[in-house]
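Given next are the chains, with one letter for each unit.
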Amino acid sequence: MEMLTIPVIGMVIVIAVLLMVANRYRRCPSDKILVIYGSTMNKGSAKCVHGGGKFVWPVIQDYAYLSLTPISIDANLTNALSKQNIRVDVPCRFTVAISTDPESMTAAAERLLGQTAGQIQDLARDILFGQLRLVIATMSIEEINSDRDKFLDNISKNVEVELKKVGLRLINVNVTDITDESGYIEALGKEAAAKAINEAKVSVAEQEKNGEIGKAEAMKETRIRTSEANAIAVKGENEAKVAIANSEAFRREKEAEAQRVAVSAEKVQQAKAMADAYAAEREAELARAERERSTEYANVIVPQEIEKQRRIIEAEAEAEKLRVNAKGEADAIYAKMEAEAKGLFEVLTKQAAGYDKMVQAAGGDANKAYMLLLLEKLPELVKTQVEAVKGINIDHVTVWDSGAEGTNGKGSTANFVSGLMKSVPPLNELFDMAGLNLPEYLAKKKAGEPAVAEEIEEEKK
């Protein structure tokens, strides 16, 4: 019994292992990419499998799928700037999908795993818009409109590189009608249509002219052959009717008349054929003139209109620049004046505070404070008095004194010196001119001498 139990247990273990292996073996459908992440044996951040299957180790590994279903993206680009600085609208429809290239699959696993189809579509649309604008900026309107193969090739080259970075590839590009805001493309189409119509008209006129000329030539040949046959017949008749003179004369007269009529008719038909040919040539010349006028319009008027728009934009930009500069200068002047005003306010405030403290130091007596300020300025006032006579250049002074006394009891010499000293502005007069009073201690006289102020008053009298 024990010997039977051991094989049964072994069989159960084998079956369990086989079931686990079968449960962890993942097959990859053809329209998906199997991404195994976790421990990948140092083979990158993830292992990507397209087709077939792989064993996914439990606990240390997990898996997810990336769909290869193509994504259709509408990229209706508007106001894109071309090489000629003309803004165009380029409605496009792109079809993209995740690439099965090994390098691209790894990039897709790193950047798109877990993203919804809408999120992938938004990411691809941003890339497509940027590259489409870049391609349009390197091409002219004529290249975009006429050489579609080159335009689509440039788009594919630029877009493929950027899409590959996120694991996508471009499948198809469909560009519908391209328009521009200035009507330049429409003008090119009208020019091409007018050119084709004019060429067709010229060809029709040429064919009609050839037909009329051929018809006139055929009629001419018919008449010549008919006349020759008639002449042969008439010759035979003449040989048969030699004897009838009168009839011969009449016959000849009629023949001459018939010949004249035939020649006239031939000339008339030739003239009509020439007139029709000239009319056809005139139509062809008018068509050619219309084509040249359209060409000149496209070559001269359209570039001038574009140049006009460019100058208007440049003028608006220059005006905006002047407005910005003027506002900056005004702000700078305002800031400078505000700083100067603040500085002056601070100086006056500090000066007023100093005067207030000086009055407080003088016990609240403004006159005493005024005395303190006056003591500081006294050396300058005395210096002013000295400077008044300092510059006088007196080398020699000769005074003739007779010894007689003047009205004030002084001699001539004393009066000269006294008058010279009185020419110096006294302190009390300086203070009077300034609207101030000289302190009493500066103006009081010595014992036995008159005060300076009193002496000056006596001299004035």
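Up top you'll find the structure we're talking about.
Here's a quick rundown of the structure. Every chain begins its residue count from 1, and numbering advances along the sequence as written. Only residues with pLDDT of at least 70 get local features here, since the model is predicted, and only at 80 or more are side-chain atom pairs given and counted; chain-wide, interface and lining totals rely on the full set of residues. Excluding hydrogens and water, the side-chain values take into account all heavy atoms of the structure.

### Some points on the overall build of the chain
Next, step 1: Within the chain, the regular secondary structure consists of 12 helices and nine strands.
Next, step 2: Burial statistics for the chain: of 461 residues in total, 20% are counted as buried.
Next, step 3: Throughout, a residue-residue contact means that at least one pair of heavy atoms, one from each residue, lies within 4.5 Å. Within the chain, contacts between residues separated by at least 24 positions form 66% of all contacts whose residues are at least 6 apart in sequence. Secondary structure elements follow DSSP: runs of H or I no shorter than four residues count as helices, runs of E no shorter than two count as strands, and numbering proceeds from the N terminus. We call a residue buried when its accessible area falls under 20% of the maximum for its residue type, exposed when it is over 50%, and partly exposed in between, using a 1.4 Å probe and counting protein chains only.

### Quick look at the packing of helix H3 (residues 117-137) against helix H5 (residues 148-164)
Next, step 1: Axis angles are defined between N-to-C directions and span 0 to 180 degrees, where every axis is a line fitted to C-alpha atoms and, for a helix, only to the segment in contact. Interhelical geometry of H3 versus H5 gives an angle of 135° and a closest axis separation of 9 Å. Of the possible angle classes, the one that applies to H3 and H5 is oblique. Where H3 crosses over H5, the handedness of that crossing is right-handed. Taken together, the residues of H5 that come into contact with H3 (itself represented by Ala124, Ile127, Leu128, Gln131, Leu132, Leu134, Val135 and Ile136) are Phe151, Asn154, Ile155, Asn158, Val159, Glu162 and Leu163. Angle categories are assigned with fixed cut-offs, so that under 35 degrees is roughly parallel, over 145 is roughly antiparallel, 65 to 115 is roughly perpendicular, and the rest are oblique. Note on convention: near helix rotated counterclockwise from far helix by under a right angle means a left-handed crossing. Clockwise means right-handed.

### Observations concerning the sheet that holds strand E5 (residues 61-67)
What links the strands of a sheet is backbone hydrogen bonding, and the strands pair in either a parallel or an antiparallel sense.
Next, step 1: A pair of strands is labelled paired if DSSP reports no fewer than 2 bridges between them. If you trace the three strands from one edge of the open sheet to the other, you get E3-E2-E5, paired in antiparallel fashion. The sheet is open, and its two borders are formed by strand E3 (46-49) and E5, each paired with just one other strand. Each strand axis lies, on average, 25° off the axis of its neighbour in the sheet, ignoring direction.
Next, step 2: Bridging between strand E2 (residues 32-38) and E5 involves seven bridges; their strand directions are antiparallel. Each bridged residue has a counterpart across the sheet, and for lysine 32 the counterpart in E5 is serine 67.

### Thoughts on the nonpolar core
Note that soluble globular proteins tend to have their nonpolar side chains buried in a common cluster.
Next, step 1: Of all hydrophobic cores here, the largest spans 42 residues; its most connected members are Ile136, Phe151 and Leu163.
Next, step 2: For this core, the element with the highest residue contribution is H3, accounting for seven residues.
Next, step 3: Residues contacting phenylalanine 151, with those up to four places away along its chain left out, are Val90, Leu132, Val135, Ile136, Met139, Ile144, Val175 and Ile178.
Next, step 4: Formed by five residues, the second largest nonpolar core is a distinct cluster that contains Cys28, Leu34, Ile36 and Val49. The criterion is simple. A nonpolar core is a set of buried Ala, Val, Leu, Ile, Met, Phe, Trp, Tyr and Cys residues joined through side-chain atoms within 4.5 Å.

### What about the pattern of salt bridges?
Next, step 1: Salt bridge, as used here: a side-chain nitrogen of Lys or Arg that lies within 4 Å of a carboxyl oxygen of Asp or Glu. Summed over the entire model, instances satisfying the criterion amount to 18 salt bridges.
Next, step 2: Between arginine 111 and glutamate 110 there is a salt bridge whose closest N-O contact spans 3.7 Å.
Next, step 3: When its relative accessible area of 46% is taken as the criterion, arginine 111 is described as partly exposed.
Next, step 4: Judged by its relative accessible area of 47%, glutamate 110 is partly exposed.
Next, step 5: Residues participating in the shared-partner salt-bridge network are Glu307, Arg310, Arg311 and Glu314.

### Looking at the packing of aromatic side chains
Next, step 1: The aromatic pairing rule takes the rings of Phe, Tyr and Trp, using the six-membered ring of Trp, and pairs them if the centres are within 6.5 Å, calling planes under 30 degrees apart stacked, those over 60 edge-to-face and the rest tilted. Tallied over the entire structure, the rule returns one aromatic pair.
Next, step 2: Their ring planes at 80° and their centres at 5.9 Å tell us that tyrosine 63 and tyrosine 65 sit as a pair that is edge-to-face.

### A short note on the side chain of glutamine 131
Next, step 1: Considering the arrangement of structural elements, one finds glutamine 131 in helix H3.
Next, step 2: The contacts of glutamine 131, once residues within four sequence positions are left out, are Asn158, Val159 and Glu162.

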